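# Summary of structural features
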Amino acid sequence: MAINGGGEGGEDSERDIAVAGHTGMVTGTVWVANEEAGTLTAIDAATNQVVTSLEGIEGPHNVQIGPDGATLWTVSGHDSFAAMIDTTSMQVHGTVPTGGSPAHVVVTPDGATAYTTNAEDETVTAIDTATMKSVATIPAGAGPHGLRPSPDGRWIYVANVAGTTLSVIDTSTNTLVDDITVGESPAQVAFSPDGRFVYASLNGQDAVAKVDVARRRLVDTLKVGDGPIQTFVTPDNQYLLVANQGDERDPGTTVSLIDLASFTLAGEVETGEGAHGIVVDPSGRHAYITNLYGNDVAVLDLDTLTVVARIPVGAKPNGISFSPVTTAEQPATTLDLPAGHATEPAEHSEGTGHDGGAH
């Protein structure tokens, strides 16, 4: 069934009432990576207004808030490094060279280690967040892209978008311990809150895979929309949300909602052109979706399953992350990157990795 994403084609007055009704409902900051614009946008979740933007990192494909809520990680796909930013001072805490064409970055629940996927090198870089040094380079599958840690921090699951597998990394040893065949072009993963299952978008077959974590085995697949990319499980474990991006010639415009109790499609919500990144606030009230070809963020009320706000951001918004810490409104800032942050970056040819329009 299709669910009307209220704010998409509705009357302006009705949309304004919906937005006003959601003011102050959620507090915190939504951070967005605008890959083509080369900016990071901060949105006040209480008002759904942009409060600042950060410039200076080329090709930021992904952002990730650390577990303290006050540090922001991003990657430069252009210059092959990861950066940690203090979201209060807006200062760069440090940068670390990665492999070629880093796509996503995540941080373990204890905040001790960050991991990046390096699409060109088919590796994952492990970074000690205290020393801001790379401590391991771990092999992965073809085109490693999205990745996430298990809730207990024991495992990192990596979606290999140029292949058919999820790579499993043991965080205690920073070694590859398994590859699980799931289907065509897995792009991102999402864990259930209890860590029993991991779900992967299968971009190449318009489906989602369900994997039993204890057995490391594919147990089910389910059809979704066109060109699924990012995935996110609601905190109450009711829904898996899947962004259906499609492609630039034929953009997808929906988010699929999967009922996890039955692993069936509960419906689809119209959210915008090229739905790509998804994050859900910790209370589970709102989901935030980047629209890659619409250059905006849709705010989805998960109680009514309607879009209650649409926020313009930069060109080609991709990654998105939620911080419980509210960022004060302030002028746009150009980040002061340390000299030599990308010393001797890995050389890579044009057309490899990601270009902001695919994954």
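Here the structure is a predicted model, which is why all the values come from computation and not from measurement.

A word on the pattern of salt bridges. Scanning all chains against the criterion turns up six salt bridges. Asp-178 is the partner of Arg-216 in a salt bridge, and the nearest nitrogen-oxygen pair spans 3.6 Å. Residue Arg-216 is found in the loop between β19 (207-212) and β20 (217-223), and its partner Asp-178 is found in strand β16 (residues 175-181); the two are separated by 38 residues along the sequence. Accessibility expressed as a relative area gives 25% for Arg-216, which makes it partly exposed.

Pairing is antiparallel across the open sheet formed by four strands, whose spatial order is β17-β18-β19-β20. In the strand order of this sheet, the two ends are held by β17 (186-191) and β20, each with one partner. Shown here is a sheet whose adjacent strand axes are inclined to one another by a mean of 25°, direction ignored. As judged from the four bridges shared by β17 and strand β18 (residues 197-202), these two strands associate in the antiparallel manner. Following the sheet pairing, Ala-190 is matched in β18 by Tyr-199.

Turning to the sheet that holds strand β3 (residues 39-44), a few remarks are in order. Working definition: the strands of a sheet are paired by backbone hydrogen bonds and lie parallel or antiparallel to each other. The sheet built from five strands is open, its strands ordered β29-β2-β3-β4-β30 with mixed pairing. The strands lining the two open edges of the sheet, one partner per strand, are β29 (317-323) and β30 (333-334). The pairing of strand β2 (residues 29-34) with β3 spans six bridges and is classified as antiparallel. Looking at the pairing, Ala-33 lines up with Leu-40 of β3.

Calculation notes
- Residues numbered from 1 in each chain as written.
- Predicted model: local features only at pLDDT ≥ 70, side-chain atom pairs only at ≥ 80, totals over all residues.
- Heavy atoms only, no water.
- Salt bridge = Lys/Arg side-chain N within 4 Å of Asp/Glu carboxyl O.
- Helix = DSSP H or I, 4+ residues; strand = E, 2+ residues; numbered from the N terminus.
- Buried < 20%, exposed > 50% of the residue type's maximum accessible area, 1.4 Å probe, protein only.
- Pairing = 2+ DSSP bridges.
- Axes fitted to C-alpha atoms, helices over the stretch in contact; angles between N-to-C directions.

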